[in-house]
Amino acid sequence: LSWHVCIFCSGQVDFYLRASYCQGGPLSSDVSTMDTCEAVRFYVDKMLDTGDNNGMKVLLFDDETLKIMGLVYSRHEILGKGVFLHDYLRSGTRKKMPFLMGIVFVRPTRENLELLKKELAVPKYRKYRIYFTNAITDGELQDLAAADQHEVVEAVQEFYGD
């Protein structure tokens, strides 16, 4: 298997300093003129738009990406995007739900990469789209591709958001 990563970059983003400025207003059509929160909302919108008429999705995250999501979207807004379930990638209590699309939004840490390999070895969802908040190496990408024996991964993308 050979995978390629699509890279989204919104420039240097400092979520902690800019958090108080997030208003959740309408998005500018030009990414280069967006403030930090607008840019993050833009990329999260792209992440959650799975092209299947906003079919039912599960959103998996880690501690940091949960904070990022919380800055730009409310739970109600996420529900409006078709996300009916959200949980930590590390959670061992998730049940198999093959009718859901899995959206994974995590940092590319060693722990998260190992958790992803375990997830892909025994997939709980119909398909997966994986979004990393920073770059992953070619070797890490190859390891993930090798773990995807059931060929459930539709996309892997880097979104520089941490």
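Residues numbered from 1 in each chain as written. Predicted model: local features only at pLDDT ≥ 70, side-chain atom pairs only at ≥ 80, totals over all residues. Heavy atoms only, no water.

J.: Which residues make up the overall build of the chain, and what values do they have?
T.: The number of helices and strands found in the chain is six helices and six strands. Along the chain, helices and strands appear, N-terminal first, in the series β-α-α-β-α-α-β-β-α-β-α-β. With 162 residues in all, the chain has 45% of them scored as buried. Put simply, the chain shows about 8600 Å² of open surface, and 52% of that area lies on carbon and sulfur atoms. (Helix = DSSP H or I, 4+ residues; strand = E, 2+ residues; numbered from the N terminus. Buried < 20%, exposed > 50% of the residue type's maximum accessible area, 1.4 Å probe, protein only. Areas by Shrake-Rupley, 256 points an atom, 1.4 Å probe, with all protein chains shown as cover.)

J.: Explain a nonpolar patch on the surface residue by residue, including any values.
T.: A contiguous nonpolar patch, built from Met56, Leu79, Phe84 and Phe99 and spanning about 410 Å² of accessible area, is present on the exposed surface. Residue position: Phe99 is located in strand β4 (residues 97-106). (Patch = residues over 30% accessible without salt bridge, like charges linked within 9 Å, V, L, I, M, F, W, Y side chains within 5 Å. Salt bridge = Lys/Arg side-chain N within 4 Å of Asp/Glu carboxyl O.)

J.: Residues and numbers for the pairing of strand β6 (residues 153-160), please.
T.: When you tally the buried positions in β6, you get six out of eight residues, the bulk of the element. Two strands pair when backbone bridges link them, and strand β5 (residues 125-132) and β6 are joined in this way by five bridges, in the parallel orientation. The residue bridging Tyr128 from the neighbouring strand is Val153, located in β6. You can see the chain leave β5, run along helix α6 (residues 138-147) and come back into β6, and the turn it takes is right-handed. (Pairing = 2+ DSSP bridges. Right-handed = clockwise from strand over helix to strand, strands pointing away.)

J.: Just give me the short version of the pattern of salt bridges, but keep the residues and values in it.
T.: The final tally for this structure, using the stated rule, is nine salt bridges. Salt-bridge contacts for Arg107 lead to Asp62; the nearest nitrogen and oxygen are separated by 3.1 Å. Pair noted here: Arg107 is in the loop between β4 and α5 (110-121) and Asp62 is in the loop between β2 (57-61) and α3 (63-72), with a separation of 45 residues, a long-range link. Overall, the relative accessible area of 4% leaves Asp62 in the buried class. A salt bridge links Arg94 to Glu119; the nearest nitrogen and oxygen atoms lie 2.8 Å apart. Residue Arg94 is found in the loop between β3 (83-88) and β4, and its partner Glu119 is found in helix α5; the two are separated by 25 residues along the sequence. Both residues of the pair, Arg94 and Glu119, belong to the buried class.

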